[in-house]
Amino acid sequence: MLHNETILVTGCTGRVARAIVRVLLNETEATIIMTSRGEVTLQTDVDERVIFKQLDPFDKKSIKECIHQHNITMIVNTAAVTNVDKCELDRETAWQVNVHLVELLTQVCRIHGLKLIQLSTDYVFDGENGPYTETDVPEPINYYGKSKLAAENIIRSAGIDYIIARTNVVFSAEYTNSPDFVQWVLRNLSEKNDVRITTGQWCTPTLADNLATTIIRALTLNKSGLYHISGFDYVNRYQFAVAIANSFKYTSDRIIPVDSSELQQTALRPEKGGLINFKVESELGVRMLTIDKALKKLQNKWQNLIS
Ligand SMILES: NC(=O)c1ccc[n+]([C@@H]2O[C@H](COP(=O)([O-])OP(=O)(O)OC[C@H]3O[C@@H](n4cnc5c(N)ncnc54)[C@H](OP(=O)(O)O)[C@@H]3O)[C@@H](O)[C@H]2O)c1
């Protein structure tokens, strides 16, 4: 499995897409078609199994041509508007990308008999009672969560083979269009800025490579359905920030604990979010990384880059 596959990955400049492509290259013999709506900005000569294509994700004709040309067998859709506050403010774009694009890809998958792998989020839950399992009932409280749940529902009722991978607070060594939480905390600590961080918004932070490896394992085992894939530890944002400071040998004095209400974020956030990985452990035999181990891996990666 995954040796004769040709996998189209959307949203390739994004954090999760890059991790998925990296793991596909390291752990499988699949051919990868990386697509992005923008011009080539990534190094594309990394491997002859990778082909980069600029593709308008809403252009059904071009997607179909791409599928025929390359004999695509699976689509991994990571493209999304992921900025939670922007989704609240520009609902039309959020719905267009997070829902309509998925609808289109679902149709394409049905017509061509392809498997769809869709990334989703713990923000489909209201955060009253997290962390959550796959059988808990979603009840989103912001527009991002609503759009991601609508996409899940379209996929579930489409009669196609699929994996929906819900995750949360993803971080990686790479610098993409926007910094992740770890990069943001480290930048502020290195610049000696005070950072106000909520003691709410509980989560299970996830190393992108750990997420990607687990998705690829599910594909290799030919699994289908809904999976919660996130880090092992359950922390609030303040605790996570302190763990980051400790791990990178900064003092945590500049991390100031505040209540979520003091941050005046545009969109509501689930207070007790996060995901439980029992299904991944029992069905895939994967134990997700603790925060300490994940941050160590990050450090090693950065260390290797500069040495
Ligand atoms: N990061 C997290 O903490 C997190 C948590 C839970 C779930 N997820 C899910 O994981 C997936 C990937 O997240 P990520 O962190 O990798 O996101 P990301 O870094 O923001 O990347 C998303 C990609 O989507 C594409 N995109 C953005 N706006 C678009 C638009 N208006 N039209 C078309 N394409 C657009 C862009 O790729 P191109 O410009 O290259 O096309 C962008 O790089 C998403 O489905 C997200 O909901 C992420």
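Up top is the structure these notes are about.
**Q** Help me out: how do you make sense of the overall build of the protein in this one?
**A** A tally of helices and strands in the protein yields ten helices and eleven strands. For 307 residues, the compact-globule estimate of 2.2 N^0.38 gives 19 Å, and the C-alpha radius of gyration of the protein, at 19 Å, lies within 12% of that figure. In terms of its C-alpha atoms, the protein occupies a principal-axis envelope of roughly 55 × 45 × 40 Å. Of all 307 residues assigned to the protein, the portion counted as buried reaches 55%. Carbon together with sulfur atoms contributes 47% to the accessible area of the protein, which is approximately 14,100 Å² in total. Side chains of the protein carry 33 positive and 36 negative charges; the gap between the two charge centres is 2 Å.

**Q** For this particular structure, what's the right way to read the packing of helix H6 (residues 181–190) against helix H8 (residues 237–247)?
**A** Helices that pack against each other are described as a pair by the angle of their axes relative to one another and the distance between those axes. Where H6 meets H8, the closest approach of the two axes is 10 Å, and the angle between their N-to-C directions is 60°. By the angle between their directions, the pair H6 and H8 is classed as oblique. In terms of crossing hand, the pair formed by H6 and H8 is right-handed. Taking contact as the criterion, the partners of Phe181, Val182, Val185, Leu186 and Leu189 in H6 are, on H8, Arg237, Phe240, Ala241, Ile244 and Ala245. Of the residues assigned to the contact of H6 with H8, the class counts are nine nonpolar, no polar and one charged.

**Q** Explain the sheet that holds strand S2 (residues 31–36) here, please?
**A** Through backbone hydrogen bonds, the strands of a sheet pair up, either in parallel or in antiparallel fashion. What the seven strands build is an open sheet, ordered S3-S2-S1-S4-S5-S6-S10; its pairing is parallel. Edge positions in the open sheet fall to strand S3 (50–54) and strand S10 (225–228), since each of these has one partner strand only. If you compare each strand with its neighbour and ignore which way they point, the axes differ by 20° on average. With four bridges connecting them, strand S6 (residues 162–167) and S10 associate as parallel partners. Following the sheet pairing, isoleucine 163 is matched in S10 by glycine 225. Set on the sheet, helix H5 (residues 143–156) makes contact with strand S5 (115–121), S6 and S10; between it and S5 the angle comes to about 155°. Of the strands in this sheet, strand S4 (74–77), S5 and S6 are in contact with helix H7 (residues 208–220), which crosses S5 at around 145°.

**Q** Can you help me understand H6 in this one?
**A** Residues separated by three or four positions in an α-helix point in the same direction, a consequence of the helix having 3.6 residues per turn. With respect to burial, H6 is a largely interior element, seven of its ten residues being buried. When H6 is considered as a whole, its buried residues turn out to be Phe181, Val182, Gln183, Val185, Leu186, Asn188 and Leu189. N-capping of H6 is provided by aspartate 180, with a side-chain oxygen placed 3.1 Å from the backbone N of valine 182. Lysine 192 sits one or two residues past H6 and shows a positive phi near 60°.

Conventions adopted
Residues numbered from 1 in each chain as written. Predicted model: local features only at pLDDT ≥ 70, side-chain atom pairs only at ≥ 80, totals over all residues. Heavy atoms only, no water. Helix = DSSP H or I, 4+ residues; strand = E, 2+ residues; numbered from the N terminus. Rg over C-alpha atoms; globule rule 2.2 N^0.38 Å. Buried < 20%, exposed > 50% of the residue type's maximum accessible area, 1.4 Å probe, protein only. Areas by Shrake-Rupley, 256 points an atom, 1.4 Å probe, with all protein chains shown as cover. Lys, Arg positive; Asp, Glu negative; His and termini not counted. Charge placed at Lys NZ, Arg CZ, Asp CG, Glu CD. Axes fitted to C-alpha atoms, helices over the stretch in contact; angles between N-to-C directions. Parallel < 35°, antiparallel > 145°, perpendicular 65-115°, else oblique. Left-handed = near helix turned anticlockwise from the far one by under 90°. Contact = heavy atoms within 4.5 Å. Nonpolar A, V, L, I, M, F, W, Y, C, P; charged D, E, K, R; others polar. Pairing = 2+ DSSP bridges. Polar contact = N/O pair within 3.5 Å; in protein donor to acceptor, adjacent residues only side chain to side chain.

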